[in-house]
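# Breakdown of the fold
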Amino acid sequence: MKSVEQHTTDLLDLVEPLEPIRIELLRAQGGVLAEDVTAPVSLPQFDNSAMDGYALVAADIAGAGADTPVRLPVVADIAAGDPGTHAIRTGMCARIMTGAPMPAGADAVVPVEWTDGGVAEVLISRPAKAGNAVRPAGGDVEKGAGVLRSGAHIGPAEIAVLAAVGHPDALVHPRPRVAVLSTGEELVEPGTPIGPGQIWESNGYMLTAAAIDAGCAAFRHGFTGDDPSTVLATLGDVLPHADIVVTTGGVSMGAYDVVKEALTQLGTVRFEQVAVQPGKPQGAGTVHGTPIVTLPGNPVSSFVSFHLFVRPMLAKLSGRAPEGLPALRAPLAAPVRDSPQGRRSYLRAQLEYAADGGLAVRPVARQGSHQLAALASADALIVVDEAATELPAGRVVDVLRLP
Ligand SMILES: Nc1nc2c(c(=O)[nH]1)N[C@H]1C(S)=C(S)[C@@H](COP(=O)(O)OP(=O)(O)OC[C@H]3O[C@@H](n4cnc5c(N)ncnc54)[C@H](O)[C@@H]3O)O[C@H]1N2
Ligand code: MOO
C-alpha cells in the first residue's frame, strides 16, 4: 500500500498556484497577495494631532498647573481635512481636531480636557512635553517602505493597509473554485422523504463546508446516482467552472463503484490503496487538465482524507504553503487499542486538560467510518503510526487539531 507521505506528495504535484489576478479590494479578501506592496507616500503623510485640543509651543505652558493656568489666544481653528496652511508662534495656540494637520510652529497638542475649552482664548491647566499628542509624518510607514509582502493572506488588516496607501485593488491568487460531487444511488436530498435503503446525502455538504472553511469558493453539485455516463456528464458540466473537483463515494471494491468505473474509462485517474485508516481507497488525477480527487464514500473516511490530502492541495492552489492541519503533541488520556497494523490511523479525539493543567488527548468512543456524531464531537485527530496497534495511556502522541 502507498504511504500517506507519498500520496500527499503525488496529489500536491497535480496542482500549481492559480494565476494571480488584480481584483477590487473587498473581493480580494481571503486571497493570497502575489506582489510586494510599498507605500507611495509616508503614513501619516503630515504631522497631525492625535487628540481634540489645542496645538501650541510646549515651552509656553511649562509652568501650567491647576492653580497657575496659562492663558493663550486661539488664533486658528483647524479641522481634519484642513489643507494645512496654518501657522502659530510662541505665545499663541490653535484649536485643533484629531487627524487635523499641525500648524507650522507648534510642537505639542494639549487635549481639550486639560483646558477650559475656550474659543477666543483658552486657559490651560497642565504642562505638556514637546511632541505630546502629535502623530509625526512617517510614524506609521516611511514613503517607499514595504507594507505587505507577496504571500500575505488578505484579511481585514491587509485590506486596510492597501486602502490606506491608496490602492483600490490587489494582485492576488484567487480563491480556488472547488466542485464537490457526491455519487450513490442510495442518496436522497435532506429535506425530502426517505425510502427503504436510502440515506440523506451528507458528504457533499461536509466537503463543501470544509473547502469553504479552507478559504475556497466551493460548490456542491448534488449527486449523480450509480450510472457512469451520468457521472461523466456531470463532470463535463462542472469542469469549466472548477479549479479542482472533489468526488465522494464509488471508489472501493463494490460492483457499482461508479466513480472508478467512469474515470477509469478516461484513463487519467489512478485508483490506489493508501496505508491509512480511515480513507484507504483513494483516487486522483486530472480530467482535461483539471485536478480531481476521488475520496471514499464512508463519511468519516471522506472527512479525514479531505483534511490529510485535499487541504494541502487547496493551500497550494491558493498560493499558500501546502500545510496540513496544525500539529501538536500531547499524552493520551486513555489507551488506544486495535489500531490496524501497517496503516497509519487518525483517531477522532477530544483535547482536554489533564490534572497537571497540561493538554491531554482522549479518543472518542465510536471510531467507525460511518459514525458521524462521534466525528462531530471531536476537535482533534490522534496519529497512530503504522507499526503500532496499541498505545498505553500517558504515551505522548502526535495530534492534529481539527478546524
Ligand atoms: N470488499 C471491500 N469493501 C470495502 C473496502 C474494501 O477494501 N474491500 N473498503 C472499505 C472502505 S475502507 C471504504 S472507506 C469504503 C469506500 O467505499 P466507496 O468509496 O466505494 O463508497 P460507497 O460504497 O459509495 O459508500 C460507502 C458508504 O458511505 C456512504 N456514503 C457514500 N456517499 C455518501 C454521501 N454522499 N453522504 C453520506 N453517506 C455516503 C454509503 O452509503 C456507504 O455506506 O468501502 C469499504 N468497502
Ligand atoms: O479506510 Mo475506509 O476509509 O475506513 O473506512
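Everything numeric here is computed off the predicted structure, so don't read it as measured data. (Residues numbered from 1 in each chain as written. Chains lettered and ligands numbered in written order. Predicted model: local features only at pLDDT ≥ 70, side-chain atom pairs only at ≥ 80, totals over all residues. Heavy atoms only, no water.)

## Points about helix α4 (residues 203-213)
- Taken residue by residue, α4 has N203, G204, M206, L207, T208, A210 and A211 as its buried positions.
- Turning to α4, the residues buried within the fold contact β13 (177-182), β16 (217-223), β17 (244-248), β21 (290-295) and α7 (299-317).
- G215 occupies a position one or two residues after α4 and carries a positive phi of about 90°. (Buried < 20%, exposed > 50% of the residue type's maximum accessible area, 1.4 Å probe, protein only. Helix = DSSP H or I, 4+ residues; strand = E, 2+ residues; numbered from the N terminus. Contact = heavy atoms within 4.5 Å.)

## Focus on the site of ligand 2
- The environment of ligand 2 is formed by Q277, P278, G279, K280, P281, N298, S301, R343 and S369.
- A distance of 2.8 Å separates an oxygen atom of ligand 2 from a polar side-chain atom of S301.
- The contact in question runs from an oxygen atom of ligand 2 to an N or O atom on the side chain of R343, over 3.0 Å.
- Here the residues of the shell around ligand 2 sort into two nonpolar, five polar and two charged. (Near = heavy atom within 4 Å. Polar contact = N/O pair within 3.5 Å; in protein donor to acceptor, adjacent residues only side chain to side chain. Nonpolar A, V, L, I, M, F, W, Y, C, P; charged D, E, K, R; others polar.)

## Quick look at the domain arrangement of the protein
- Per the domain assignment, the segments making up the protein are domain 1 (4-18 + 175-317), domain 2 (21-43 + 139-173), domain 3 (48-135) and domain 4 (327-401).
- When each unit is reduced to the centre of its C-alpha atoms, the spacing between domain 3 and domain 4 is 64 Å. (Domains from an automatic or database assignment.)

## Re the environment of R348
- Tracing the chain through its elements places R348 in strand β23 (residues 344-353).
- Expressed as a C-alpha distance, the spacing of R348 and P363, which sit 15 residues apart in the sequence, is 5.8 Å.
- Beyond its immediate sequence surroundings of up to four residues, R348 is in contact with P278, V300, V304, R362, P363, V364, Q367, G368, L375, A378, A380 and L381.
- A polar side-chain atom of R348 sits 2.7 Å from the main-chain carbonyl oxygen of Y346.
- A distance of 2.5 Å separates a polar atom in the side chain of R348 from the backbone oxygen of Q367.

## Overview of a negative patch on the surface
- A cluster of acidic residues, E185, E186, D227 and E261, forms a negative patch at the surface.
- Residue placement: E185 occurs in the loop between β13 and β14 (187-188). (Patch = residues over 30% accessible without salt bridge, like charges linked within 9 Å, V, L, I, M, F, W, Y side chains within 5 Å. Areas by Shrake-Rupley, 256 points an atom, 1.4 Å probe, with all protein chains shown as cover. Salt bridge = Lys/Arg side-chain N within 4 Å of Asp/Glu carboxyl O. Lys, Arg positive; Asp, Glu negative; His and termini not counted. Charge placed at Lys NZ, Arg CZ, Asp CG, Glu CD.)

## Considering unusual backbone geometry
- Across the junction of L43 and P44, the peptide omega takes the value -15°, indicating a cis bond.
- Residue placement: P44 occurs in the loop between β3 (37-38) and β4 (48-49).
- Geometrically, the link from Q277 to P278 is a cis peptide bond, its omega value of 0° lying close to zero.
- In this fold, P278 is placed in the loop between β19 (276-277) and β20 (281-287).

## Remarks on the sheet that holds strand β1 (residues 21-24)
- Strand order in this open sheet of three strands is β1-β12-β2, and the pairing throughout is antiparallel. The open sheet has two edge strands with one neighbour each: β1 and β2 (32-33).
- Note: β1 against strand β12 (residues 169-173), four bridges, orientation antiparallel. Bridge pairing in β12 links I23 to A170. (Pairing = 2+ DSSP bridges.)

## Here's the deal with the site of ligand 1
- Inspection of the region around ligand 1 gives 21 residues, with E186, E201, V251, S252 and G297 positioned closest.
- One nitrogen or oxygen atom from the main chain of N203 is found 3.1 Å from a nitrogen atom belonging to ligand 1.
- Against a free-state accessible area of 870 Å², the protein chains account for coverage of 69% of ligand 1.
- Broken down by class, the residue content of the shell around ligand 1 amounts to seven nonpolar, 10 polar and four charged.

## Looking at the packing of α4 against α7
- Following both chains from N to C, one finds α4 and α7 inclined at 30°, their axes separated by 10 Å at the closest point. Judged on the interaxial angle alone, α7 and α4 are roughly parallel. Classified by chirality, the crossing of α7 by α4 is right-handed. Mapping the contact onto sequence places N203, M206, L207, A210, A211 and D213 in α4 and P299, S302, F303, F306, H307, R311 and L314 in α7.
- A breakdown of the residues in the contact of α4 with α7 according to their chemical character gives eight nonpolar, three polar and two charged. (Axes fitted to C-alpha atoms, helices over the stretch in contact; angles between N-to-C directions. Parallel < 35°, antiparallel > 145°, perpendicular 65-115°, else oblique. Left-handed = near helix turned anticlockwise from the far one by under 90°.)

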